2 protein chains.
Amino acid sequence: MMTREDCAALDAADPLASLRARFDLPDGVIYLDGNSLGACPRAALERVRQVVADEWGFDLIRSWNQAGWFQMPLRLGDMLAPLIGAVAGEVAVTDSTSVNLFKVLAAALQMQATTARRTIVSERANFPSDLYIAEGLTAWLDRGYRLRLVDSPEELPAAIDADTAVVMLTHVNYRSGYLHDMAALTAHAHAQGALTIWDLAHSAGALEVDLHAAKADFAVGCTYKYFNGGPGAPAFIWVPQRHQHAFSQPLAGWWAHAAPFAMAPGFTAGDGIRRALCGTQPVVSLALVECGLTIFGETDMRRIRHKSLALSDLFIQLIDACPAQHGLTVATPRQAERRGSHVSVAHADGQAVMRALIARNVIGDFRAPQLMRFGFTPLYTRFVDVWDAVDILKNILDDAAYDVDHGVPPSSTEVT
Amino acid sequence: MMTREDCAALDAADPLASLRARFDLPDGVIYLDGNSLGACPRAALERVRQVVADEWGFDLIRSWNQAGWFQMPLRLGDMLAPLIGAVAGEVAVTDSTSVNLFKVLAAALQMQATTARRTIVSERANFPSDLYIAEGLTAWLDRGYRLRLVDSPEELPAAIDADTAVVMLTHVNYRSGYLHDMAALTAHAHAQGALTIWDLAHSAGALEVDLHAAKADFAVGCTYKYFNGGPGAPAFIWVPQRHQHAFSQPLAGWWAHAAPFAMAPGFTAGDGIRRALCGTQPVVSLALVECGLTIFGETDMRRIRHKSLALSDLFIQLIDACPAQHGLTVATPRQAERRGSHVSVAHADGQAVMRALIARNVIGDFRAPQLMRFGFTPLYTRFVDVWDAVDILKNILDDAAYDVDHGVPPSSTEVT
């Protein structure tokens, strides 16, 4: 059984250990919610001062060009691309994940418009906003498209058939942590004539996503979780070169135009990923995305995934070793190839237990009815953090030191 | 004829003069481009430090509730509402102007869906992105909707007829500065059975917009011009209470849901303006909007409009007094009730002249083929600034001190 000393030894040998110093983390806090909101890079405070005081305050309007504000969505997209198996010119950082999903789903359905295919296959357990966007889009199109939701990943292959226009999935499930086999599902979808859209919110920056190797068709994702881009930072959208020429989306505003400053009354789509843009972007939030992405340049996704699995393996091992009367059940797949970078643990009083953990500075979150989520972010989480978190959890359960009658949910439920 | 001393006297008597100290403006710069990017409020730097270091860095995920991040779109909307003649619960600050326009245009067309009306009336000179959004939406819906564009404001009344579903206009034209009569056009549109959508990008924060008095149907606008919310700051969307129950839009993500944290797979629209939201918002940029709006709380729109007209009257008078050989022509309506808060001046070498002005620290911008734009933002522009700007312009023209062969456009063309 692993001891705390063993964990300290793992930290001492960890090639990523030095990257923790790139983040501002409050003393004494064990932060296991980077799967929801990534920690703040140390560089962020100076960068935001620069954007607000120098670029906005001093250079004013000139910064659209001088400071590269206008170019940021594509420049940051190029930085992000290699982290998800994309290439330069295929990714833009812009808008929200939901808005970007609307764009790629609209474009994918248009690519299927000449077929009789009318089904969008997804999971009932998908992140709800993704389903809402599909619901809104199909209701508005009013052309007979319908959502077909399966109740478990195992049902997906059979649900993808000759009527499937698009398979729309979140790569890693936000609750269970289940990791889909992107390549296999995409191959199956293509064999059936369907296109695939992947929401990478809970996988990008956490594991080796390889969109091109998987032959995926479209992807979206957020930058404020594993990429540490800041609260609600603009999301990303990926359109591979092979689909860019056919890519057309209804939210094409002036930033998508071939000549945005010509101010022509008619729309002409720009080349490449530019056509996935819409309107003016929130520069201050957007600029901070670079601080998070820069840290990824100091390592690689293979090392990150390796440590992620080591951290979550350790966590699962320690949870499994808890006495049965603690009532803890690991709800995330145990196979490394089937899980992302967070582990969900079921407990009958999960909400109260998570509240007690947060009160003791172990920050995870809770998903009703009984899942406690613990996210393992290799850039700043130590092996001793995992050990200490489980130790504190055990103490809480040993002492039944949690209040199930407390009616207010922990604040950290208010996130994705 | 006004002298510089007269201008200094106007500044000394100006009830808004003290508000200039609320902004960080670089020494020696005469900033006449606040109609494109508002200046930086002094409070912004401390506020952004607080959001990044304290709320994100220290409180982490807890800030979604503790710091009110999740509530910001509606709370800021309530702050903004009285500045445009709206009431609390009708405005959200969220997404971009183009995305918000897509939402209200879709909703308006749906309200007209049971009619045979198929025309969206607008101006060819409208801000292009607004036209692109209408083009994208109508093409995507593919239900026979078409844009009908008029070439001058005078043609609008006749163009609004029994086939008009929606009249979609920008209140103040971004190039000419022409200010539409919102109440009269809305009354005419309603008499013809059409709904009205107003883009307030160049009027909100610059003049007394009264959406309820005008009986307008929907409005959108941006916060980064006259509201000084920061570069690309999230935009606003207005849906009056009388339309909220019927309001439905295709970009309804989880923030629009009646119970976003129930994580239900099916969408149920929330009440009120909440249903105009979509997904997670860029918190850092959003938080800065409050710094700009707070300054408006220290005065009122009547005073702001009064000074705006006084500044632009002065400017027009000084331009008119320039010798004919300077080749300057005021292209903005001279009647106060027909213009916004910027004045466009045509010059055959307008681009080169504006470049020379910027080189001498008079910052306006240029719109092809020959319009120089000068924006007058009453919160921080002084009467002496107007006098000095025209004086420098006259010196440039007297000396022909501009280079028409310079091929690179001034950086400030890269804005709305």
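Fair warning: this is a prediction, and the values are worked out from it, not measured in the lab. Counting from 1, residues in each chain are numbered in the order their sequence is written. Lettering of chains starts at A and numbering of ligands starts at 1, both following the order in which they are written. Note on the predicted model: pLDDT of at least 70 is required for a residue's local features to be given, and 80 or more for side-chain atom pairs to be given and counted; whole-chain, interface and lining totals, by contrast, use all residues. Each side-chain value is worked out from all heavy atoms of the structure, with water and hydrogens disregarded.

**Things to note about the overall build of chain A**
Secondary structure elements are taken from DSSP: a helix is a run of H or I of four residues or more, a strand is a run of E of two residues or more, and numbering for both begins at the N terminus. Tallying secondary structure elements over chain A gives 13 helices and 15 strands in all. Against the globule reference of 22 Å for 416 residues, chain A gives a C-alpha radius of gyration of 22 Å, in line with a compact fold. Each of the three principal axes of chain A carries a C-alpha extent, and together these read 70 × 55 × 40 Å. Here a residue-residue contact requires only that any non-hydrogen atoms of the pair lie within 4.5 Å. Within chain A, residue pairs in contact and separated by at least 24 positions form 73% of the contacts whose partners lie at least 6 positions apart. For the accessible areas, the method is Shrake-Rupley and the probe is 1.4 Å, while residue cover comes only from the protein chains on display. Here chain A has roughly 13,300 Å² of accessible surface; of this, 52% comes from carbon and sulfur atoms. For chain A, the distance from the average position of its 34 positive side-chain charges to the average position of its 45 negative side-chain charges is 4 Å. Atoms considered for the radius of gyration are the C-alpha atoms alone. The globule rule reads 2.2 Å times the number of residues to the power 0.38. The positive count covers Lys and Arg only, the negative count covers Asp and Glu only, and His and the chain ends enter neither. Note that the charge is assigned to NZ on lysines, CZ on arginines, CG on aspartates and CD on glutamates.

**Some details on the packing of aromatic side chains**
To pair, rings of Phe, Tyr and Trp, with the six-membered ring standing in for Trp, must have centres within 6.5 Å; the planes then decide the type, stacked if under 30 degrees apart, edge-to-face if over 60, and tilted in the middle. Counting across every chain of the model gives 33 aromatic pairs over all chains. A ring pair is formed by Tyr132 of chain A and Phe267 of chain B, whose centres lie 5.4 Å apart and whose planes are at 65°; its orientation type is edge-to-face. Residue Tyr132 of chain A is found in helix 6 (residues 128-141), and its partner Phe267 of chain B is found in the loop between helix 10 (241-244) and helix 11 (283-296); the two belong to separate chains. You can call Phe267 of chain B partly exposed: its relative accessible area is 22%. When the ring of Phe315 of chain A is compared with that of Phe374 of chain A, the centres are 4.9 Å apart and the planes differ by 45°; the resulting orientation is tilted. Here Phe374 of chain A lies in strand 15 (residues 371-375) and Phe315 of chain A lies in helix 11 (residues 301-320), a separation of 59 residues in the sequence. Among the aromatic side chains, those forming a connected cluster through ring pairs are Trp64, Trp69, Phe70, Trp254, Trp255 and Phe261 of chain A together with Phe127 and Tyr174 of chain B. Stacked on the ring of Tyr145 of chain B, the Lys or Arg Arg118 of chain B has its end atom at 4.7 Å from the ring centre. Here's how the labels work: a residue is buried when its accessible area is under 20% of the maximum for its type, exposed when over 50%, partly exposed in between, all with a 1.4 Å probe on protein chains only. Whether a charge sits over a ring depends on NZ of Lys or CZ of Arg being within 6 Å of the ring centre and within 35 degrees of the ring normal.

**Let's talk about the pairing of strand 15 of chain A**
Residue and element names in this part refer to chain A. Across the five residues of strand 15, five count as buried, placing the element largely inside the fold. Pairing between strand 14 (residues 365-367) and strand 15: three bridges, direction antiparallel. Bridged to Arg367 within strand 15 is Leu371. The pairing criterion for strands is at least two bridges between them, as found by DSSP. A loop of three residues connects strand 14 with strand 15, the two strands running antiparallel in sequence.

**Some words on the side chain of Asp388 of chain A**
Residue and element names in this part refer to chain A. Within the secondary structure, Asp388 sits in helix 13 (residues 383-398). Accessibility expressed as a relative area gives 18% for Asp388, which makes it buried. In this view, Asp388 contacts Arg4 and Ile30; residues no more than four positions away in its chain are not counted.

**Thoughts on the relation of the copies chain B and chain A**
A residue counts toward the fit only if its pLDDT is at least 70 in both copies, and the copies are then superposed by least squares on the C-alpha atoms of those residues. Of the two same-sequence chains, chain B is brought onto chain A (RMSD 0.1 Å, axial shift 0.0 Å) by a rotation of 180°. The superposition of one copy onto the other is thereby described by a two-fold rotation axis. A shared interface surface links the copies, since 94% of the contact residues of chain B are contact residues in chain A too.

**A few points about helix 2 (residues 43-58) of chain B**
All names here are of chain B. Considering bend angle alone, the principal kink of helix 2 is centred on Val51 and spans about 25°. Regarding helix 2, the residues found buried are Ala44, Arg47, Val48, Val51, Val52, Glu55, Trp56 and Gly57. Directly beyond the C-terminal end of helix 2, a positive phi value near 50° is found at Leu60. In this analysis the local bend is the angle between axes fitted, respectively, to the seven residues ending at and the seven residues starting at the residue.

**Digging into the sheet that holds strand 14 of chain A**
Residue and element names in this part refer to chain A. Strand order in this open sheet of four strands is 11-12-15-14, and the pairing throughout is antiparallel. Taken across any chain shown, the strands that pair with only one partner, and hence form the sheet edges, are strand 11 (329-330) and strand 14. Between N-to-C directions, angles cover 0 to 180 degrees, with each direction set by a line fitted to C-alpha atoms, over the stretch in contact for helices. The sheet contacts of helix 11 involve strand 11, strand 12 (342-346) and strand 15, and relative to strand 12 the element is tilted by about 15°.

**Thoughts on the nonpolar core**
Only buried residues count toward a nonpolar core. Its members are Ala, Val, Leu, Ile, Met, Phe, Trp, Tyr and Cys residues joined through side-chain atoms within 4.5 Å. Grouped together as the largest cluster of nonpolar side chains are 223 residues, with contacts concentrated most on Ile84 and Leu200 of chain A together with Ile84, Trp140 and Leu200 of chain B. Sequence-distant contacts of Leu200 of chain A, that is, excluding residues within four places in its chain, are made with Ile84, His171, Met182, Val209, Leu211, Ala219, Val220, Gly221 and Phe236 of chain A.

**A word on the sheet that holds strand 9 (residues 218-221) of chain B**
All names here are of chain B. Strands sit in the order 4-10-9-8-7-5-6 across an open sheet of seven strands; the sheet is mixed. Sheet topology places strand 4 (91-93) and strand 6 (146-150) at the edges, where each strand pairs with a single neighbour. Along the sheet, successive strands turn relative to each other by an average axial angle of 20°, direction set aside. Of the strand pairs in this sheet, strand 5 (residues 119-123) and strand 6 are connected by five bridges, and their pairing is parallel. The residue of strand 6 that forms the bridge with Glu123 is Val150. Sheet strands touched by helix 5 (residues 97-111): strand 5, strand 7 (164-170), strand 8 (195-199), strand 9 and strand 10 (236-238). Its angle to strand 9, the strand with the most contacts, is close to 170°.

**Concerning the interface of chain B and chain A**
Of the residues lining the interface, 89 residues belong to chain B; the matching set on chain A comes to 85 residues. Put simply, buried area is the surface a 1.4 Å probe can reach on two separate parts but cannot reach once they are joined, added for both. Between chain B and chain A lies a buried interface of about 7,300 Å² when both sides are counted; carbon and sulfur atoms form 72% of it. For this analysis, a salt bridge means a side-chain nitrogen from Lys or Arg found within 4 Å of a carboxyl oxygen belonging to Asp or Glu. Applying the counting rule to chain B against chain A returns zero salt bridges. Two N or O atoms form a polar contact when they lie within 3.5 Å of each other; inside protein one atom must be a possible hydrogen donor and the other a possible acceptor, and for residues adjacent in sequence the pair counts only when both atoms belong to side chains. Our count for the chain B to chain A interface comes out at 21 residue pairs in polar contact (both at pLDDT 80 or more). Among the secondary structure elements, those contributing two or more residues to the side of chain B that touches chain A are strand 3 (40-41), helix 2, helix 3 (63-66), helix 5, helix 6 (128-141) and helix 11 of chain B. Top element by residues in the side of chain B that touches chain A is helix 6 of chain B. It accounts for ten residues. Grouping the amino acids of the side of chain B that touches chain A by side-chain chemistry returns 52 nonpolar, 27 polar and ten charged. All residues other than Ala, Val, Leu, Ile, Met, Phe, Trp, Tyr, Cys, Pro, Asp, Glu, Lys and Arg, Gly among them, are scored as polar; the first ten of these are nonpolar and the last four charged.

**Some thoughts on the confidence of the model for chain A**
Residue and element names in this part refer to chain A. The pLDDT value expresses, per residue, how confident the predictor is, ranging between 0 and 100. On average, residues of chain A score 96 in pLDDT, and 97% of them are at 70 or above. This stretch, residues 409-416, has a pLDDT under 50; its non-local contacts, to residues over four places away or in other chains, come to 38 contacts. For this predicted complex, the interface confidence comes out at an ipTM of 0.96, alongside a pTM of 0.97.

**A look at the environment of Val384 of chain A**
Residue and element names in this part refer to chain A. Mapped onto the elements, Val384 comes out in helix 13. Take Val384: its relative accessible area is 9%, and that puts it in the buried class. With 354 residues separating them in the primary sequence, Val384 and Ile30 have C-alpha atoms 9.6 Å apart. If near-sequence neighbours (up to four positions away) are discounted, Val384 is found in contact with Arg4, Cys7, Ala8 and Asp11.

**Remarks on the state of the cysteines**
Whenever a pair of cysteine sulfur atoms sits within 2.5 Å, that pair is classed as a disulfide. Per the stated rule, a full pass over the model turns up zero disulfides over all chains. Left without a disulfide partner, Cys222 of chain A is nearest to the cysteine sulfur of Cys278 of chain B, which lies 14 Å away.

**Here's the deal with the pattern of salt bridges**
The tally for this structure, following the rule as stated, stands at 38 salt bridges over all chains. We note a salt bridge from Arg148 of chain A to Asp161 of chain A, for which the minimum N-O separation is 3.1 Å. On the criterion of sequence distance, the pair formed by Arg148 of chain A in strand 6 (residues 146-150) and Asp161 of chain A in the loop between helix 7 (156-159) and strand 7 (164-170) is long-range, its members being 13 residues apart. Looking at Arg148 of chain A, the relative accessible area reads 36%, which means it is partly exposed. One salt bridge connects Arg124 of chain B with Asp151 of chain B, and the closest N-O pair in it is separated by 2.7 Å.

**Considerations on the packing of helix 12 (residues 350-359) of chain A against helix 13 of chain A**
Residue and element names in this part refer to chain A. Where helix 12 meets helix 13, the axes come as close as 10 Å, and the angle between the chain directions of the two elements is 120°. Classified by the angle their axes make, helix 12 and helix 13 are oblique. For helix 12 against helix 13, the interelement crossing comes out right-handed. In this structure, helix 12 uses Val353, Ala356 and Leu357 to contact helix 13, whose residues at the interface are Ala389, Ile392, Leu393, Ile396 and Leu397. Residues of the contact of helix 12 with helix 13, tallied by class, amount to eight nonpolar, no polar and no charged. Roughly parallel refers to an angle under 35 degrees, roughly antiparallel to one over 145, roughly perpendicular to one between 65 and 115, and oblique to any angle outside these ranges. Crossing handedness follows the turn of the near helix against the far one: under a right angle anticlockwise gives a left-handed crossing, and clockwise gives a right-handed one.

**Focus: the pairing of strand 5 (residues 119-123) of chain A**
Residues and elements named next belong to chain A. Strand 5 sits mainly inside the fold: five of its five residues count as buried. Residues of strand 5 alternate between two faces, with Thr119, Val121 and Glu123 on one and Ile120 and Ser122 on the opposite face, all of them buried. Note on the crossover from strand 5 through helix 6 to strand 6: the handedness is right-handed. For strand 5 and strand 7, the ladder comprises three bridges, and the chain directions are parallel. Seen with the strands pointing away from the viewer, any crossover whose path from the first strand over the helix to the second strand runs clockwise is right-handed.

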